[in-house]
Each structure stands twice: as C-alpha cells, then as structure tokens.
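# Inside the fold
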Amino acid sequence: MARRRGWGGHPPVDDAEATRRIVAAAVELIGRTGAEISIADVAESLGVIRQTVYRYFPSAHALMQAAAIASVDGFLDRLTRRVSGLTDPAEAMTEAVIFTLTEVRRTPHLGILLSSSYSNVRPEGLTSQEAQAFGMTMIRRFDVDWESHGYDDASLGELVEYVLRTMQSFFLAPGDPPRGDDDLRRYLRRWMGSAIRAQGDTAATGS
C-alpha cells in the first residue's frame, strides 16, 4: 500500500492504482514537454517524494519503458488511421516510416520501443527482439494483403528488420539539412519501395 501522503490529496487505494497513476503522470509529462523526464519530475507532479516512485520503478529507464508500453495502443491507433486504405505495401510502409519517425522524435517514450533508450538511440536496440515484435504488430494493422504480394511470416520478419534498419539510419544521420516529409517520401518510394516490391517478383519466380 502506498503511503497516504501527497497524490493531490487522493492517495491510491493499492499498489496497482499507484503504479497506474505514476505511469499516467509520466506519459502526461512527456507528452506535454516532449523531453526526457526523471523520477524527480514525476514525483513532483504527483506531490510525493522520489522514494515513493522508486518503490514502484527502480529507475527512470524502467518508468520510461512502462510509459512506452502504456502509449503503444494510442500510437498504433494513430498509425492505423494514417495508413488506412493503403493497400500497396510500399506506399503503406513509406507512410508508416514517415509517421513513426515524426512520432518517435516528438515523444521519447515511444522512441524507447525502437531504441531501448530515450536519451540516445542505441543501434543494437533498433533491431532487438522487442523492436521487431513491435514492428510486426505495426504492419499487421495495415490494409495490405501481404500474402498476395509474396510475403510469408519469414519474409515479413525480414521486412520489419529492413525497415527498422532504414529508420535507424535516419535516427543516427538525418542529413544536413534533414529531408522534409515530401522529399523523404520521394526518397523512400524510390529506394525502399523498390526493395519492398521486389519480394513479389522473388516469390513469383521462386528464387
């Protein structure tokens, strides 16, 4: 049971509620500031001492992970709306990459799903099992008939890895100056799109 202090005058009734409120406070802070947060930031927003937050989350990284997980459904819903009606795999993936790059840069708690760190992008994190599982969840929401374009489960997994590596390059070296959405869209359609469509030819020839 959380100590009956702070919490805006309404202490949580149990540890489960305390955890939910801490995570909600973290998500709200990140969404409002678009910046990294600390345990102290969350404690202050809840009117509790840092030790209270540490009881439930041993580090800021652990709290950011929880905030990321709590934000997944909302992100996926927004992404689904963005790519709704796009049945061409290259077009859908192009829009998904642009949307994801924008969202991750704006909301660090989503970035942790792809980078394993909200303070910097760790290259190995972008192709971790967690990131690839998240990527698979993303593309399963597309209005794309993947099978008709030559994709089975194995090739879909490779596609997710390829797209994650593509996004990794833009995280680490966005360009000088960085491309705007229209230029990036043309670039991705030409190069990434060609690679995505090539799977259909490969499947058709059996090579």
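Residues numbered from 1 in each chain as written. Predicted model: local features only at pLDDT ≥ 70, side-chain atom pairs only at ≥ 80, totals over all residues. Heavy atoms only, no water.

Here we take up the packing of helix 4 (residues 60-83) against helix 7 (residues 129-139). Geometrically, a packed helix pair is captured by the angle between its two axes and the distance between the axes. Running from N to C, helix 4 and helix 7 point in directions that differ by 40 degrees, and their axes come no closer than 10 Å. Put simply, helix 4 runs oblique to helix 7. When you trace helix 4 past helix 7, the crossing you get is right-handed. Along the contact surface, helix 4 presents Val72, Phe75, Leu76 and Leu79, while helix 7 presents Phe134, Thr137 and Met138. Counted by class, the contact of helix 4 with helix 7 contains six nonpolar, one polar and no charged residues. (Axes fitted to C-alpha atoms, helices over the stretch in contact; angles between N-to-C directions. Helix = DSSP H or I, 4+ residues; strand = E, 2+ residues; numbered from the N terminus. Parallel < 35°, antiparallel > 145°, perpendicular 65-115°, else oblique. Left-handed = near helix turned anticlockwise from the far one by under 90°. Contact = heavy atoms within 4.5 Å. Nonpolar A, V, L, I, M, F, W, Y, C, P; charged D, E, K, R; others polar.)

For helix 1 (residues 15-33), with 19 residues, the first-to-last C-alpha span of 27 Å sits near the 27 Å given by 1.5 Å per residue. Taken together, the buried positions of helix 1 are Glu17, Ala18, Ile22, Val23, Ala25, Ala26, Leu29 and Ile30. Its side-chain oxygen placed 3.3 Å from the backbone nitrogen of Ala16, Asp14 serves as the N-cap of helix 1. (Expected span 1.5 Å × (residues − 1). Buried < 20%, exposed > 50% of the residue type's maximum accessible area, 1.4 Å probe, protein only. Polar contact = N/O pair within 3.5 Å; in protein donor to acceptor, adjacent residues only side chain to side chain.)

Okay, the pattern of salt bridges next. Summed over all chains, the structure comprises twelve salt bridges. Of the charged contacts in the structure, one is a salt bridge between Glu95 and Arg82, with a shortest N-O distance of 3.2 Å. On the criterion of sequence distance, the pair formed by Glu95 in helix 5 (residues 89-106) and Arg82 in helix 4 is long-range, its members being 13 residues apart. By relative accessible area, which is 10% here, Glu95 ends up buried. By relative accessible area, Arg82 is classed as partly exposed at 32%. (Salt bridge = Lys/Arg side-chain N within 4 Å of Asp/Glu carboxyl O.)

Let's shift gears to unusual backbone geometry. With an omega of 0 degrees, the peptide bond between Asp176 and Pro177 qualifies as cis. As for its placement among the helices and strands, Pro177 is situated in the loop between helix 8 (153-172) and helix 9 (181-205).

To continue, consider the packing of helix 4 against helix 5. Interaxial distance between helix 4 and helix 5 falls to 9 Å at its minimum, and their mutual angle equals 140 degrees. Compared by their axis directions, helix 4 and helix 5 come out oblique. Seen along the crossing, helix 4 lies across helix 5 with a hand that is right-handed. Of helix 5, the residues touching helix 4 (which contributes Phe75, Arg78, Leu79, Arg82 and Val83) are Ala92, Glu95, Ala96, Ile98, Phe99, Thr100 and Glu103. Along the lines of polarity and charge, the residues of the contact of helix 4 with helix 5 split into seven nonpolar, one polar and four charged.

Time to look at the packing of aromatic side chains. Scanning the model with the defined rule gives five aromatic pairs in all. With a centroid separation of 5.4 Å and 85 degrees between ring planes, the pair formed by Trp146 and Tyr151 is classed as edge-to-face. Per residue, the accessibility class of Trp146 equals that of Tyr151, and both read buried. The structure contains a cluster of three or more aromatic residues connected by ring pairs, namely Phe75, Phe99 and Phe134. When the ring centre of Tyr187 is taken as reference, the NZ or CZ atom of Arg179 above it lies at 4.1 Å. (Phe/Tyr/Trp six-rings, centres within 6.5 Å; stacked < 30°, edge-to-face > 60°. Lys NZ or Arg CZ within 6 Å of the ring centre and 35° of its normal.)

Grouped together as the largest cluster of nonpolar side chains are 35 residues, with contacts concentrated most on Leu79, Met93, Val97, Ile139, Phe142, Trp146 and Leu159. Every element with two or more residues in this core is listed here: helix 4, helix 5, helix 7, helix 8 and helix 9. Apart from the residues within four sequence positions on either side, Trp146 is in contact with Pro89, Met93, Ile139, Tyr151, Leu156 and Leu159. Counting residues in hydrophobic clusters, the runner-up holds 21 residues, among them Ala18, Ala25, Tyr56 and Phe57. (Core = buried A, V, L, I, M, F, W, Y, C linked by side-chain atoms within 4.5 Å.)

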